[in-house]
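Chain by chain, the residues:
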Amino acid sequence: MDEKIAVNIRHLTKIYKGSTEPAVDDLNLQIYKGEFYGLLGPNGAGKTTTISIISSLIKPTKGEVFIDGYDLMKDLPAIKRIIGVVPQEIALYEKLTAFENLYYFGRLYGINKSDLHRRIDFLLERLGLVKYKFTKLINCSGGIKRRINLIAGMIHLPKILILDEPVVGIDVQSRNLIKEFLKELNKDNTTIIYTSHIMEDAEKLCSRLSILDYGKLVEQGAPNELINKNSDCSSLEDVFLKLTGQSLRD
Ligand SMILES: Nc1ncnc2c1ncn2[C@@H]1O[C@H](COP(=O)(O)OP(=O)(O)OP(=O)(O)O)[C@@H](O)[C@H]1O
Ligand SMILES: [Mg+2]
């Protein structure tokens, strides 16, 4: 086992019930500790499916996943303490306040009450949410919900944080705040794995990234490595279009 590997994905395949085509097709990826790693790809490329398997929401058809050396199929309780997951869809209780939502998730992770109070206050402050502490989610805007959703996914301070399109559908200010926060977490040694359709962000944020298409790995590397390798491309977006083509996905 290589101790530097945070997530090791080996021959991962997922064929959904009733489908003939795999959503993820013999995927092999090694993501190292401390990386800010991007999973990129057009709609339907298999990004969410991959993340759902890593976070044990769905089972793979074939293949293996090791997280910090633990086998996903055998050591799930240990893995649940190591990873945090921020899903593409907001996963919060609309009728509860920001505080009640975060308190609920924190207690699920077994964080003691006084630490949890302090942590919630610190994170609400860090993400510009202090004044929404006692606002019900139903009365919060999309950008505020996204920021609370993010805190809910990392309230237990996971070593590896996995985010599925964390900045989709929100304004530039919220996006910026979230990106700065993620950069800070990464500097403090949290491995970040995230999906995005925003190539400009990925180019700036990622230490390495992979481009998936039709469930397969098309290319992998540091953003500048991929740009330099393709002499006709001057940005990650150029590389992305070159490798995944112009045709629209269903
Ligand atoms: N629950 C499901 N049942 C059947 N097929 C599914 C299911 N979820 C996803 N798929 C299919 O699997 C493929 C991969 O989907 P997935 O959601 O992983 O892609 P994605 O890369 O996250 O796309 P997007 O950028 O649109 O979020 C697609 O063809 C999709 O239609
Ligand atoms: Mg998705």
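Quick caveat: nothing in here was measured; it's all calculated off a predicted structure.

**Q** Can you explain the site of ligand 1? Please cite residues and give values.
**A** For ligand 1, the set of nearby residues contains 13 residues, the closest of which are G44, K47, T48, T49 and H197. The separation between an oxygen atom of ligand 1 and a polar main-chain atom of A45 is 3.1 Å. Partitioned by chemical class, the residues of the shell around ligand 1 number four nonpolar, seven polar and two charged.

**Q** Which residues make up the coordination of the magnesium ion (ligand 2), and what values do they have?
**A** Coordination of the magnesium ion (ligand 2) by the protein comes from T48 (OG1) and Q88 (OE1), over a distance range of 2.0 to 2.7 Å. Taken as a pair, T48 in helix α1 (residues 47-54) and Q88 in the loop between β6 (83-86) and α3 (98-108) lie far apart in primary sequence, 40 residues in all. Judged by relative accessible area, T48 falls into the partly exposed class, the value being 32%.

**Q** Please provide a residue-by-residue account of the environment of T50, values included.
**A** With respect to the helices and strands, the residue T50 is situated in helix α1. Given the relative accessible area of 1%, T50 is considered buried. Each C-alpha atom, one on T50 and one on P60, is 8.9 Å from the other, the two residues being ten residues apart in sequence. When neighbours within four sequence positions are excluded, T50 is seen to be in contact with I9, V24, L27, L39 and L212.

**Q** Describe in detail the pattern of salt bridges, supporting the description with residues and values.
**A** Overall, the coordinates contain 15 salt bridges when judged by the stated rule. Among the ionic pairs, E180 bridges to K183, the shortest N-O distance being 3.3 Å. Of this pair, E180 and K183 both sit in helix α6 (residues 172-187), three residues apart, which is roughly one turn of that helix. For K183, a relative accessible area of 39% translates into the label partly exposed. Within this structure, K33, D68 and K159 form a network of salt bridges that share partners.

**Q** Give a detailed account of a nonpolar patch on the surface, specifying residues and quantitative values.
**A** On the surface, a cluster of nonpolar side chains totalling about 420 Å² of accessible area is made up of Y93, Y104, L108 and Y109. Along the chain, the position of Y109 falls in the loop between α3 and α4 (113-126).

Rules used throughout
Along each chain, the written sequence defines residue order, and numbers are assigned to residues from 1. Written order decides the labels, with chains lettered from A and ligands numbered from 1. It should be noted that, the model being predicted, local features are given only for residues of pLDDT at least 70 and side-chain atom pairs only at 80 or more, the latter also being counted only at that level, while totals for whole chains, interfaces and linings use all residues. Remark: hydrogens and water are excluded; side-chain values derive from all non-hydrogen atoms of the structure. Any residue with a heavy atom lying within 4 Å of a molecule or strand is counted as near it. Throughout this description, a polar contact denotes any pair of N or O atoms lying within 3.5 Å of each other; where both atoms belong to protein, one of them has to be capable of donating a hydrogen while the other can accept it, and for residues adjacent in sequence the pair is counted only when both atoms sit in side chains. The nonpolar class holds Ala, Val, Leu, Ile, Met, Phe, Trp, Tyr, Cys and Pro. Asp, Glu, Lys and Arg form the charged class, and all remaining residues, Gly among them, are polar. Donor atoms: N, O and S within 2.8 Å of the metal, or within 3.2 Å for Na, K and Ca. Because water is excluded, sites can look incomplete. Comment: elements are numbered from the N terminus, with helices defined as DSSP H or I runs of at least four residues and strands as E runs of at least two. When a residue's accessible area, from a 1.4 Å probe over protein chains only, is under 20% of the maximum for its type it is buried; when over 50% it is exposed; and in between it is partly exposed. Any two residues having at least one pair of non-hydrogen atoms within 4.5 Å are treated as being in contact. We count a salt bridge whenever a side-chain nitrogen from Lys or Arg sits within 4 Å of a carboxyl oxygen from Asp or Glu. The patches reported here contain residues having more than 30% relative accessible area and no salt bridge. Joining distances are 9 Å for like charges and 5 Å for nonpolar side chains (Val, Leu, Ile, Met, Phe, Trp, Tyr). Each accessible area is a Shrake-Rupley estimate made with a 1.4 Å probe; only the visible protein chains count as cover when residues are assessed.

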